[in-house]
Amino acid sequence: MSLLRSLILDVVPSIQQTAALALGRLADHSIDLAEVVVREDILLHLVHSLPSKNRFFKKSAAFVLRAVAKHSSGLAQAVVACGGVDAMVLCLEEFDPAVKEAAAWALCNVAQHNELLAQTVVDAGAIPLLMLCFREPEMALKCIAASTLCDICKHTPELAQAVVDTGAVPHLAQMILNPDAKLKRQVFSALSQISKHSVGLAEMVIEAEIFPAALICLRDPDKYVRKNVSTLMREVVKHSPELSQVIVNCGGMSAVIDSLGDCQGSLRLPGIMMLGYVATHSENLAMAVILSKVCGVHQLALCLSEEPEHHIKAATAWSIGQIGYHTPEHAKAVATANLLPRLLQLYMEASSSEDLQVKSKDALKSILQKCTYLPALEPLLYDAPSNILKHVVCQFSKVLPHDSKARRLFVTSGGLKKVQEMDAEQGSPLQEYINAINSCFPEEIVRYYTPGYSEVLLEKLENYQLT
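These notes cover the structure that comes with them.

Procedures and definitions
- Residues numbered from 1 in each chain as written.
- Predicted model: local features only at pLDDT ≥ 70, side-chain atom pairs only at ≥ 80, totals over all residues.
- Heavy atoms only, no water.
- Salt bridge = Lys/Arg side-chain N within 4 Å of Asp/Glu carboxyl O.
- Helix = DSSP H or I, 4+ residues; strand = E, 2+ residues; numbered from the N terminus.
- Buried < 20%, exposed > 50% of the residue type's maximum accessible area, 1.4 Å probe, protein only.
- Axes fitted to C-alpha atoms, helices over the stretch in contact; angles between N-to-C directions.
- Parallel < 35°, antiparallel > 145°, perpendicular 65-115°, else oblique.
- Left-handed = near helix turned anticlockwise from the far one by under 90°.
- Contact = heavy atoms within 4.5 Å.
- Nonpolar A, V, L, I, M, F, W, Y, C, P; charged D, E, K, R; others polar.
- Disulfide = S-S within 2.5 Å.
- Polar contact = N/O pair within 3.5 Å; in protein donor to acceptor, adjacent residues only side chain to side chain.

## Considering the pattern of salt bridges
Step number 1: In the structure shown here, the tally under the stated rule is 14 salt bridges.
Step number 2: Here D222 makes a salt bridge to R185, at a shortest N to O gap of 2.8 Å. Residue D222 is located in the loop between helix 15 (199-207) and helix 16 (223-237), and its partner R185 is located in helix 14 (residues 181-195); the two are separated by 37 residues in the primary sequence.
Step number 3: Its relative accessible area of 14% is what places D222 among the buried residues.
Step number 4: In this structure R185 comes out as partly exposed when scored by relative accessible area, which is 26%.
Step number 5: Between E306 and R268 there is a salt bridge; the shortest N-O distance is 2.8 Å. Residue E306 is found in helix 21 (residues 296-306), and its partner R268 is found in the loop between helix 18 (252-260) and helix 19 (269-281); the two are separated by 38 residues along the sequence.
Step number 6: Looking at R268, the relative accessible area reads 1%, which means it is buried.
Step number 7: Several salt bridges converge on common partners, so that one network encompasses R234, E235 and K238.

See below:
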């Protein structure tokens with residue numbers, strides 16, 4: 001490393017440039033080598049010599065700073081401490097697009113770590129110069145400029161607002177239909193990071209008329225473009241019913257439901273969560289998910305059965321719960337998709353992650369508390385543990401007093417017999433629900449299905465004396 005340091009001081013420009021390139025590659029390789037570069041005070045010399053060097057050396061020096069900064073916040077802070085951020089901002093004013101690209105990449109790697117480092121990049125005056133990069137014809141420069149804005153925005157609402165205040169959203173909006181897939185990935189990612197922080201920022205994205213034009217990109221050949229569009233919609237709809245309604249009205253929700261059938265794994269996750277956020281706001285929005293051309297509940301059921309990853313299953317269970325908890329009609333839509341036994345299974349499986357068990361249990365309870373569709377509830381009488389069972393029995397105790405047909409079916413299907421077999425503590429809610437169910441039937445029928453009643457009848461038979 002010390003040999004390369006001495007080569008940077010060489011009088012021949014090509015040797016200086018090659019030495020800087022070698023240092024960058026070493027620093028890029030591992031965090032240990034990057035720390036050696038910092039300890040050798042190489043960064044300080046690179047930064048101080050930049051103003052007098054040619055564009056080739058500036059590009060190589062920016063590569064070194066980028067390679068060091070990427071590893072950790074501590075190393076990124078070392079780049080800041082040596083004046084690297086200010087130097088890179090000056091490089092953004094260079095005529096050569098390759099120098100601008102290298103400088104933007106270095107700033108991106110500094111800003112990505114935390115709020116303080118991102119604020120340093122903003123305070124150095126980088127945002128207006130990054131905006132100017134969008135006017136350049138080079139696609140790679142546009143991509144890294146968008147990526148840098150994304151990494152600045154992601155930390156806090158204040159940093160996102162600083163980006164918005166420079167007019168970034170309209171510039172990003174103009175590029176959503178650019179044919180370059182890598183650029184579209186970064187543009188939609190940046191818009192997502194802006195939208196996620198507050199209603200006001202999400203409204204600014206909507207006002208830039210991103211939708212419905214962006215929906216075309218849900219059919220983009222690039223899977224990450226499709227994922228980032230879904231992510232953007234998720235970040236917008238989570239804030240309010242009004243923003244959700246905007247996305248629903250422009251066809252965004254139906255497009256996301258359709259797209260869930262065309263992808264797998266983590267690519268599905270933003271769309272799954274987007275449906276949950278839409279549904280959670282109101283009964284009408286949840287019903288819109290159910291009544292979509294391709295039923296959202298059926299698509300979520302497909303995701304729940306196909307996805308092996310537990311965090312995706314957990315998100316799906318959460319979204320199903322957000323759809324089903326509003327009214328009996330919503331709960332019935334979930335129940336008729338045969339999702340209640342599946343949620344119960346995921347909750348009870350020992351192999352399920354803790355988060356998946358919690359999400360499945362919460363979804364199941366919230367749906368059960370509204371579900372009055374008894375054919376879907378009856379299988380749970382046989383399989384559910386006591387903490388779930390009480391919610392199932394509670395629903396039967398609410399419906400049976402008012403439905404004679406359901407009472408008859410409850411007897412003939414074995415439901416009443418199963419209820420009599422339940423071991424409930426005296427005075428517990430479960431016992432109260434059982435008593436309410438029993439009061440719906442003649443005492444003789446209840447006794448008939450009570451465990452041990454057949455032995456009582458046999459004993460009476462044995463003791464019966466003919467007259």
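Okay, back to it.
## Some details on the packing of helix 11 (residues 139-153) against helix 14
How two helices pack is summed up by the angle between their axes together with the distance between the axes.
Step number 1: Contact geometry of helix 11 with helix 14 gives a least axis separation of 8 Å together with a crossing angle of 20°. Between helix 11 and helix 14, the angle is such that the two are roughly parallel. Considering the relative orientation of helix 11 and helix 14, their crossing is left-handed. Between helix 11 and helix 14, the contacting residues are M139, K142, C143, A146, S147, C150 and C153 on the first element and K182, L183, Q186, V187, S189, A190, Q193 and I194 on the second.
Step number 2: Along the lines of polarity and charge, the residues of the contact of helix 11 with helix 14 split into nine nonpolar, four polar and two charged.

## Some points on the environment of Y373
Step number 1: Position of Y373 relative to the elements: it lies in the loop between helix 25 (354-368) and helix 26 (374-377).
Step number 2: A sequence separation of 42 residues divides Y373 from A331, and the C-alpha atoms of the two residues are 8.1 Å apart.

## Section: the state of the cysteines
Step number 1: Counted under the stated rule, the structure contains zero disulfides.
Step number 2: Here C91 stays unpaired: no disulfide links it, and the sulfur of C133, its closest cysteine neighbor, is 12 Å away.
Step number 3: We classify C91 as buried; its relative accessible area is 4%.
Step number 4: Looking at the unpaired C150, the closest cysteine sulfur is the one in C153, lying at 7.0 Å.

## Overview of the side chain of S397
Step number 1: Its location among the elements puts S397 in helix 28 (residues 386-399).
Step number 2: One polar contact links the side chain of S397 to the main-chain carbonyl oxygen of C394, over a distance of 2.5 Å.
Step number 3: When sequence neighbours within four positions are dropped, the list of residues in contact with S397 reads Y433, A436 and I437.

## Thoughts on unusual backbone geometry
Most of the time, phi is negative for any residue but glycine, and the peptide bond is trans.
Step number 1: Geometrically, the link from F211 to P212 is a cis peptide bond, its omega value of 5° lying close to zero.
Step number 2: With respect to the helices and strands, the residue P212 is situated in the loop between helix 15 and helix 16.
Step number 3: Positive phi, close to 60°, is recorded for E209, a residue that is not glycine.
Step number 4: Despite not being glycine, N338 shows a phi value in the positive range, around 60°.
Step number 5: For N338, a relative accessible area of 52% corresponds to the exposed category.

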